[in-house]
Structures are given as structure tokens and as C-alpha cells.
Amino acid sequence: MNMREYVAVAWRALIGNKMRAFLTMLGVIIGVGCVIGLVSVGEGTRAQVSAQIQGLGSDLVMIMPAPGRGIRLKIEDAEDLKQRAPELSRVMPTSSFSMQVKYGTQTKDTTVQAVTQDFPDLRNFYPERGKFFTAEDVAARRKVCLIGKTVADELFGNTNPVGKDIVIMGQSFTVLGVMESKGTALGTNPDDTVLVPITTGMQLTRSRYIQSITAQIKPGYDAKATTDHITAIFEQKFRRSDQVRVFSQEELLNTVNQVTRTMSIMLGAIAGISLLVGGIGIMNIMLVSVTERTREIGIRKAIGARERDIMTQFLIESVILSAGGGLLGILLGMGLSQILARVAGWPSVVTVGSVLMAVGFSVAVGVFFGIYPASKAARQDPIAALRYE
Amino acid sequence: MTQVKAPEPQTVIELIGVKKRYQLGRSSIEVLHGIDLKVSKGEFVVIMGPSGSGKSTLMNIIGCLDRVSEGTYLLAGEDVSSKTPVQLATVRNRKIGFVFQNYNLLPRLTAVENAELPLVYRGIGPAARRRKAIEQLTKMGLAARVHHKPSEMSGGEQQRVAIARALVGDPEILLADEPTGNLDSKVGAQIMSILVRLNDAGMTIVMVTHDPEIALYGKRIVRLKDGLLVGDEPVQHRRTPPDEHEGANAEGAQPRVQAGLAEGGEAVPA
């Protein structure tokens, strides 16, 4: 008896009781559907966050004062850092504020970022129209700015903003250009921003300090070694350790990946439990089925079926139940992930890995929970089984 | 110098000092106390005895469904008392055809699917085994019923499907356990006529019955009591099977039982 025939026999037995087969599969369907759906959300989130971080440039280092230490950074600290850390190609002091900007009668609450001419290359974020401000603009504290796509759309509509003046905190800034669109991600909108020179920004807020330093590591330098070096430089400068927090984009990426992966695993584990429950359901029904078909087993044995034949027959039945449930569950999971993506706006990616895992697990569940009922069937004494009513 | 010897009848079943004990908790019960029995090819042996005499146990042993506790069982010259369960399954599949009192057909399968089942476990391909199964069913006069399920057939028809199933694999012996027990006397007689014809064609048959009338269709009656053989004699006034029409009319379905047998059966697709 070859595999195709075993499958045919098992299939007929299941078809003979469609409702029961479906209800038995339902546990696996829901289990696998949840695994696929939830893991796809986890994966989608991870992919989006890491794409976002990578979009910022993966060779970036952020330096900011450690909270509660009373240390504050100045523009000079950034210049000093550039002198002392040769592995950094660009060092940019930055601050950002939530402010209202105005053009004519239109107002817009946005994030004003005070940066330097290095911003486009550092962040991999360039003007689409016009030009970015220069080192000279920064040095001269010129009241110039670039606006993000969202700000441009809301303040100017169809008008070309380049050369127009907008008002920030009562002061007039000339728009040099409009930044390209980066698109919304994870609830933040990088296009909802206004970029001004750091010097102008500090003047505007009457602050002597900057909020953070963004630096770029030269190609070929190790991120971890570089952040260690920067930490050492600031330790020396402030004569105490832990005054600043230094982290590279790479580390951030790793952390985010780790967090979202943990999330995926946890979601998967919860869904896995329902798969387990589905498996127990299969075992339960298979045990009932073995008892119901005691006579059939006896007849088959009397006419020459070996234990192996009976075992295979019942095992294939439970694998069909679980694998069938698995396949339907994958469809359910894909639907679920689509719904989550559309309705809740969660990013979701159904990966080949999670599909393979779901299929593998459901087949494994079928085999694992099918072995006991199948071996119980195979071990039936044919004489007793034939007499069974 | 040439001496013509009568050909020695080939021994199909040989039981030598067969005992069977069942373990019940700590005590064991001996059901067969040492049976010696020899059945030659072409015989029609009827085993009779009151209930509890051990005739079912003896049938199970002859049918290789059970193993002897002591003694030897030779089936077609082969010692089956020391075989493993897997080997016994093969013996059952190839050398033994079973007919049961309650037919024991699989209710979900059609007549032809039931009849071909032994060949399925022999690893014979679908086309070949279907052809053989239809051939046997046709001989049983069931050519028009091959795609019916047991629930759609009368008791007599079901038993004929069971006989077709028993014969499909060309067994050495046909074991019939109360084959007419669930049938009325007319249909029972019809089944017996099939068995007699099969025996006439050379098939060795061992049948268990408690019905003395039915027993008279056999050639030899073996009596069992309390696990021992208490009688073994040939049937003096053997009953002849009923006329083909008589049996057929009782069934009302297929009037060509014996005719089908005699013709050797062309497969008639239903």
C-alpha cells in the first residue's frame, strides 16, 4: 500500500464525517491563523522600524547628556569632539523644539530642528526643491530655513514656498527649499518639520546649549569602538563617567530588532499554545474514532493488515486533520494580517519563515498527537476487535 | 515395475497437540487441552460443539488470528506457531479467507472496495485488484451491485460480498464462522450452495456451525467439547445444495449464482 492509497483511505474516513473533521481542524486553524497573523504584525513592525533607522543612516552616533546629571552640551563640545575623534567624518550639534510656524494667515504646529549644513548627508535626507543652507549661513546666524513636505503642503498649498518668508516665534525666516518626502513611519512624520541653522535656533530660543550631537563614523571604523572612544573623550572632559549617553544607530537597530523579535516570539508562543490545544483536540477525536472503528480495525487485521498499516492509516488521518487545519490557518492568518494592516494601520508582513513554521508545527502536532491514538489502533487485538459491537 | 500410487492428498492444516491458555489475572484458563487435527486439500470440515467448547478459539488459531500456547500448527506445510505478528498478518492475507457470521464488511466502502481489500494489503495496484474483485463479485452474481454499499444490500448479498472478499486473494483455505447464522434458512441454503460449489472446485473449507442441518452440507464433522476433540466422522448422508432458482428467488436479486460460478465469470461492469 503506497502513500497515495493511505492518504485516499484516510481522506475517505474524514469525508465520511465532515462536520467532525472541520471542528477538529478548527483548533489548528485558529492556532495557525494566530501564529501567522501575530508574527506578521511583529515582523512588519520590526521591518518598518529597522528600515526607518537604516534610512537615517546606519553609521550614525548620537550623543546626549545623561538625564539628571546636570551636564549640558554646547556647540563647542561638538567642535571639540571633531578634533579629538578622527574616526568621525561629520559632527553636528542639534536641538529641536515644538513650535508654531506661520505663513500669512496659515499656521502649523511642527518640530523645528536646529541643525548644520551637514544634516542632509548625515541623515540621508535632501531638499527636493531649492538648496540646503550652507556653513556660511550657520556662521552668520542667517534666518533661513528648509521646510518638510507636510509643512509645505499645509502652509503653502500649491504655491512654491522657495523664497517666501515664514514666521517662527515672531521672527521671519526665508524658505530656501523643501525637503523630499520620507513618509510616515511608526506614528512619527519626518516630513512634518522645519530645519533652521543651529546658531539661529539657539538665538531664537535664547539658549546657550544644544540638546545633542549627531556624528557620522567614517567607513571602516567599528561602531562599538567608536562609541567607546567618544564616551572616553567626554569622561575626560567632564572628569566623571556616565555624564553623556552615546549610542550608535547600529546599536539602536540591534536593540529595536531584539525587542521586536522578542515581541514576535512571545506572540508566536501565545499562538503556539492554541496550536497545542488544537492538537489535543485532534488526539481526543482520534481516540474516539479509534474506538468507533474497532470493528474496522479488526476486519482489516483479519484480512492481512499489519500493525504498521493500521498505524499509518490513523496517523495519516491525524496529519491530514492538522496539516489541513494548518493550510486553512495560513489563509486565515494572511487575512488577519491584511485586516490588521488595513483597519488598525499596523504594518504586517507574512514571511515565508512564519508560513513554513506554521506548516511544520501543525504537521508535527498531527504526528505527535496522532501517535498515541494510532498506536492504540494498531495494537487492537483482532479477535476482540472483530467481536466488538 | 511401475506402480501407480494413489496421489497422497496434500495436508493443508495440521494441528499437533495444540493447547491454548488465556491469562486471567494471576490464574490461567486452558481453553484447548491438546487438539490434533489434520485437514487435507479439498476437504469440507465442519466443526461443531456447544458454546464454550473452544470452537471459536480453535477457529481463531486456524485463522492465524491467535497463536497456540503449546503444540504445533502447520499451515500448508509451514509452521505458523512460531511466527511473529507481522508474519501472521501476511499468512492471513495470502493463505486464509474469512467468512464471518455478521459479514464484517466495512460500511463506508462499496462492494468492490470491500472485496478488493485483501489485495490492497498485498500491495497490488488499483486496476489489477479492482478487476479481480469484480471478477469474484460477478461469480457471486453481484455484477450489478459492485458499487453498492453494505447498507444498500440484503444480508445474503452482503455475505456473498464477504465470500468474494475471502476468495479474491486465492487462499489455501476458506474459514467460515457460522456463515448462515444471521440469515434465514432459504438465504442460508443459498450461501451453503456457494460454499459447496467452491468445495467442489477444490477449495478447502473449514466451517463452524451449531446448526446440524447446515453441518450436513460438509463432508466431515469434527465435534469439540470442553476443549477436546470428541468426534470426527465423515458425513454419511450429505445434503445437496438447493436448486439454483430456489436460492435465487429467496434473494430476489440475482438469479444466476451458480451459473455465474460455472461460467468462470466475465467481469460485467455495473
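Definitions and cut-offs
- Residues numbered from 1 in each chain as written.
- Chains lettered and ligands numbered in written order.
- Predicted model: local features only at pLDDT ≥ 70, side-chain atom pairs only at ≥ 80, totals over all residues.
- Heavy atoms only, no water.
- Helix = DSSP H or I, 4+ residues; strand = E, 2+ residues; numbered from the N terminus.
- Rg over C-alpha atoms; globule rule 2.2 N^0.38 Å.
- Buried < 20%, exposed > 50% of the residue type's maximum accessible area, 1.4 Å probe, protein only.
- Areas by Shrake-Rupley, 256 points an atom, 1.4 Å probe, with all protein chains shown as cover.
- Lys, Arg positive; Asp, Glu negative; His and termini not counted.
- Charge placed at Lys NZ, Arg CZ, Asp CG, Glu CD.
- Pairing = 2+ DSSP bridges.
- Axes fitted to C-alpha atoms, helices over the stretch in contact; angles between N-to-C directions.
- Contact = heavy atoms within 4.5 Å.
- Domains from an automatic or database assignment.
- Buried area = accessible area lost by both parts, 1.4 Å probe.
- Salt bridge = Lys/Arg side-chain N within 4 Å of Asp/Glu carboxyl O.
- Polar contact = N/O pair within 3.5 Å; in protein donor to acceptor, adjacent residues only side chain to side chain.

Observations regarding the overall build of chain A
Along the backbone of chain A there are 13 helices and 10 strands. Relative to the globule expectation of 21 Å for 389 residues, the C-alpha radius of gyration of chain A, 32 Å, shows a markedly less compact shape. Dimensions of chain A along its principal axes, counting C-alpha atoms only, are 100 × 50 × 35 Å. Residues classed as buried in chain A amount to 47% of the 389 residues present. For chain A, the exposed surface amounts to about 18600 Å²; the carbon and sulfur share of it is 57%. Within chain A, one finds 41 positive and 33 negative side-chain charges whose respective centroids are separated by 4 Å.

Here we look at the sheet that holds strand β9 (residues 220–225) of chain B
Residues and elements named next belong to chain B. Strand order in the open sheet made by the six strands is β6-β7-β8-β3-β9-β10, with mixed pairing throughout. Single-partner strands in this sheet number two, and they are β6 (96–99) and β10 (228–234). The average undirected angle you get between the axes of adjacent strands in this sheet is 20°. Helix α6 (residues 155–167) contacts β6 and β7 (173–177) of the sheet and is inclined by roughly 170° relative to β6.

Focus on the sheet that holds strand β5 (residues 78–79) of chain B
Residue and element names in this part refer to chain B. Ordered by their spatial adjacency, four strands build an open sheet running β2-β1-β4-β5, and the pairing between neighbours is antiparallel. The open sheet has two edge strands with one neighbour each: β2 (27–40) and β5. Pairing geometry for strand β4 (residues 70–75) and β5, over two bridges, is antiparallel. For L75, the partnering residue across the bridge sits in β5 and is E78. Sitting on the sheet, helix α1 (residues 55–62) touches β1 (11–24), β2 and β4, and the angle it makes with β1 is about 120°.

Overview of the domain arrangement of chain A
Taken domain by domain, chain A holds domain 1 (3–52 + 255–387) and domain 2 (72–242). One C-alpha centre belongs to domain 1 of chain A, the other to domain 2 of chain A; they are set 54 Å apart.

Describing the side chain of T226(A)
Counting through the fold element by element, T226(A) comes out in helix α8 (residues 223–238). With residues near it in sequence (within four places) discarded, T226(A) still touches E87(A), L88(A), I217(A) and Y221(A).

Quick notes on the interface of chain A and chain B
As a measure of interface size, the accessible area lost when the parts come together is often cited. With 22 residues of chain A at the interface, the matching set in chain B holds 23 residues. Between chain A and chain B the total buried area reaches about 2200 Å² when both faces are included, carbon and sulfur atoms providing 56% of it. If you sort the residues of chain A by the area they bury against chain B, R12(A), I303(A) and I383(A) come out on top, with a joint share of 28%. The salt bridge partner of R12(A) is E113(B), with a shortest N-O separation of 2.4 Å. Run the count over chain A and chain B and you get eight residue pairs in polar contact (both at pLDDT 80 or more).

Considering unusual backbone geometry
Even without being a glycine, M169(A) presents a positive backbone phi close to 50°. Within the secondary structure, M169(A) is located in the loop between β6 (165–168) and β7 (171–179). Residue class for M169(A) comes out partly exposed when judged on its relative accessible area of 49%. A positive phi is found at D226(B), a non-glycine position, where the angle reads about 50°. By secondary structure assignment, the location of D226(B) is in the loop between β9 and β10.

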